[in-house]
Amino acid sequence: MLFYSFFRELVERQALVTVELKDDLRITGNLQAADQFLNVTLANVTVSDPERYAHLLSIKNCFIRGPVVRYIHLPASEVDTDALQDHCRQEAKQISGR
């Protein structure tokens, strides 16, 4: 549940993220909610290619289902890589110790 708790922290900060979907659409917005299935809710949404996705220009908030997500791009300033690596090591120790 490491990544779920990581995304909860990003939700608390309402981090600006870009969600890349499997159909190559990129949606940028403030992260409002995320769950363990990678379903995300974004606010203040913008689309990377407005000419191609003109029908999405009027959308301000959106819910994206986890199965259609390819990547979630995070700003480097929002990620504490040292803490993330430490948590991964601890979780790996717990799993291997079982």
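Data block above holds the structure.
One structure accompanies this document, and this report is about it.

What counts as what
Residues numbered from 1 in each chain as written. Predicted model: local features only at pLDDT ≥ 70, side-chain atom pairs only at ≥ 80, totals over all residues. Heavy atoms only, no water. Core = buried A, V, L, I, M, F, W, Y, C linked by side-chain atoms within 4.5 Å. Buried < 20%, exposed > 50% of the residue type's maximum accessible area, 1.4 Å probe, protein only. Contact = heavy atoms within 4.5 Å. Pairing = 2+ DSSP bridges. Helix = DSSP H or I, 4+ residues; strand = E, 2+ residues; numbered from the N terminus. Axes fitted to C-alpha atoms, helices over the stretch in contact; angles between N-to-C directions. Polar contact = N/O pair within 3.5 Å; in protein donor to acceptor, adjacent residues only side chain to side chain. Patch = residues over 30% accessible without salt bridge, like charges linked within 9 Å, V, L, I, M, F, W, Y side chains within 5 Å. Areas by Shrake-Rupley, 256 points an atom, 1.4 Å probe, with all protein chains shown as cover. Salt bridge = Lys/Arg side-chain N within 4 Å of Asp/Glu carboxyl O. Lys, Arg positive; Asp, Glu negative; His and termini not counted. Charge placed at Lys NZ, Arg CZ, Asp CG, Glu CD.

Considerations on the nonpolar core
Nonpolar side chains tend to gather and get buried jointly when the protein is soluble and globular.
And then number 1: Counting residues in each nonpolar core, the largest one holds 23 residues, and the members touching the most others are Val19, Ile27, Leu31, Leu42 and Ile64.
And then number 2: In this view, Ile64 contacts Val19, Leu21, Ile27, Leu38, Asn39, Val40, Leu42 and Val69; residues no more than four positions away in its chain are not counted.

Some thoughts on the sheet that holds strand E1 (residues 16-21)
And then number 1: Reading across the sheet, the 5 strands line up as E4-E3-E2-E1-E5 and stay open at both edges, with antiparallel pairing between neighbours. If you trace the sheet from one side to the other, it starts and ends with strand E4 (61-64) and strand E5 (69-73), each paired once. On average, each strand axis in the sheet is inclined to that of its neighbour by 40°, with strand direction left out of account.

Details of the side chain of Thr18
And then number 1: Counting through the fold element by element, Thr18 comes out in strand E1.
And then number 2: For Thr18, the side chain forms a polar contact with the side chain of Thr28, separated by 3.0 Å.
And then number 3: Ignoring any residue separated from it by four or fewer positions in sequence, one finds Thr18 in contact with Arg26, Ile27, Thr28, Tyr71, Ile72 and His73.

Considerations on a negative patch on the surface
And then number 1: Together, Glu9, Glu12, Asp80 and Asp82 make up a region of like negative charge exposed at the surface.
And then number 2: As for its placement among the helices and strands, Asp82 is situated in helix H2 (residues 81-96).

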